[in-house]
Amino acid sequence: MFLSTHEKQLDAKRRLLVPQDFRAAALVPFEGIDSFDGVYCFAMKTLGCLECGGAEFFSHYKTLIDAQPFGSAARRGLEARIYSGMSRLSFDTAGRVTLPDALCEQFNIREAVLLTGLYDRFQIWNPDAYAAHLAQQDGDLSGLFAELGL
């Protein structure tokens, strides 16, 4: 599973060292999905970050698409948005992935990044965007947090 938050730096070639525990979680096989030595990466436009994971992560998106009738407008839209927007980022021998230029530009990912674990996936954030996201979540969920004693 993907847990914790890690501060990392991109090098000049946009390579990112993925923490060992994240790499191990990404390599766990999942029935019916081809695994590879890397992560699937998706532009999470609604949040302003990259979302990544292994075969189980990919399976979640595949299940969303497969639930729609074949040929339907909803399915075609999901297929175009998800499959064409997803990248396979392979680990190099040092455990790094190279982030695509377009995704770095889209989310203002430059040098410093945060990798945030979300159990079955992780996200890659610009640190300032993540701070704003957390502040928004804290406000939106303050009642629930208080109810749960968090």
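On a predicted model such as this, the values are computed, not experimentally measured, just so you know.

A. A look at the overall build of the protein. When helices and strands are counted, the protein shows six helices and eight strands. Starting at the N terminus and ending at the C terminus, the protein contains elements arranged as β-β-α-β-β-α-α-β-β-α-β-β-α-α. Taken against the 2.2 N^0.38 rule, which gives 15 Å for 150 residues, the C-alpha radius of gyration of the protein at 16 Å falls within 12% of a compact globule. Taking the principal axes of its C-alpha atoms as reference, the protein extends roughly 45 × 40 × 30 Å. Every one of the 150 residues in the protein was classed for burial, and the buried ones make up 38%. For the protein, the proportion of contacts with a sequence separation of at least 24, taken over those separated by at least 6, is 61%. For the protein, the computed accessible surface area is about 8,500 Å², with 55% contributed by carbon and sulfur atoms. When the 14 basic and 19 acidic side-chain charges of the protein are each reduced to a single mean position, those positions are 8 Å apart.

B. Representation of the environment of Gly53 within the structure. Assignment of secondary structure puts Gly53 in strand S4 (residues 49-53). Given the relative accessible area of 0%, Gly53 is considered buried. Counting along the chain gives 66 residues from Gly53 to Tyr119, while the straight-line C-alpha distance between them is 9.7 Å. With residues up to four places along the chain from it excluded, the contact list for Gly53 reads Phe2, Val39, Tyr40 and Phe122.

C. Layout of unusual backbone geometry. Although it is not a glycine, Arg14 adopts a positive phi angle of roughly 65 degrees. Within the secondary structure, Arg14 sits in the loop between strand S1 (5-9) and strand S2 (15-17). A positive phi is found at Tyr119, a non-glycine position, where the angle reads about 70 degrees. If you trace the backbone, Tyr119 turns up in the loop between strand S7 (112-117) and strand S8 (122-125).

D. View of the packing of aromatic side chains. The tally for this structure, following the rule as stated, stands at nine aromatic pairs. Summarising the aromatic geometry, the rings of Phe2 and Phe122 are spaced 5.3 Å apart at their centres and angled 45 degrees between planes, so their arrangement reads as tilted. In this pair, Phe2 sits in the segment before S1 while Phe122 sits in strand S8, placing the two residues 120 residues apart along the sequence. Aromatic pair Phe58 and Tyr83: ring centres 6.0 Å apart, planes at 25 degrees, arrangement stacked. Taken together, the residues Phe58 in helix H2 (residues 55-66) and Tyr83 in helix H3 (residues 73-83) connect sequence positions 25 residues apart. Taking the relative accessible area as the measure of exposure, Tyr83 reaches 33% and is therefore partly exposed. The side chain of Arg88 reaches across the aromatic face of Phe36, ending 3.9 Å from its centre.

E. How the structure looks around the environment of Glu7. Take Glu7: it is sitting in strand S1. Here Glu7 falls in the exposed class, since its relative accessible area comes to 70%. Spatially, the C-alpha atom of Glu7 lies 27 Å from that of Ile82, the residues being 75 residues apart in sequence. Leave out the neighbours within four places in its chain, and Glu7 touches Val113 and Leu114.

F. Looking closely at the nonpolar core. Counting 24 residues, the largest nonpolar core has Leu99, Ile109 and Ile124 as its most contacted members. Those elements that place two or more of their residues in this core are helix H1 (20-26), strand S3 (38-44), S4, helix H4 (101-106), S7 and S8. Beyond its immediate chain neighbours, meaning those up to four positions away, Leu99 contacts Leu10, Arg14, Leu16, Leu50, Leu89, Cys104, Ile109 and Ile124. In terms of nonpolar packing, the next biggest core, distinct from the first, is built from 16 residues, Ala55, Phe58, Met86 and Tyr130 among them.

G. Spotlight on the layout of surface pockets. What the largest pocket holds in volume is close to 160 Å³. When residues of the lining of the largest pocket are assigned to their parent elements, the largest contribution, three residues, is made by H2. In terms of residue class, the lining of the largest pocket is made up of nine nonpolar, one polar and two charged.

Thresholds, definitions, all that
Residues numbered from 1 in each chain as written. Predicted model: local features only at pLDDT ≥ 70, side-chain atom pairs only at ≥ 80, totals over all residues. Heavy atoms only, no water. Helix = DSSP H or I, 4+ residues; strand = E, 2+ residues; numbered from the N terminus. Rg over C-alpha atoms; globule rule 2.2 N^0.38 Å. Buried < 20%, exposed > 50% of the residue type's maximum accessible area, 1.4 Å probe, protein only. Contact = heavy atoms within 4.5 Å. Areas by Shrake-Rupley, 256 points an atom, 1.4 Å probe, with all protein chains shown as cover. Lys, Arg positive; Asp, Glu negative; His and termini not counted. Charge placed at Lys NZ, Arg CZ, Asp CG, Glu CD. Phe/Tyr/Trp six-rings, centres within 6.5 Å; stacked < 30°, edge-to-face > 60°. Lys NZ or Arg CZ within 6 Å of the ring centre and 35° of its normal. Core = buried A, V, L, I, M, F, W, Y, C linked by side-chain atoms within 4.5 Å. 1 Å grid on protein atoms, 1.4 Å probe; cavity = no way out; pocket = protein on both sides within 12 Å on 5 of 7 lines; lining within 4 Å. Points joined across faces, edges and corners; volume = space filled by probe spheres on them. Nonpolar A, V, L, I, M, F, W, Y, C, P; charged D, E, K, R; others polar.

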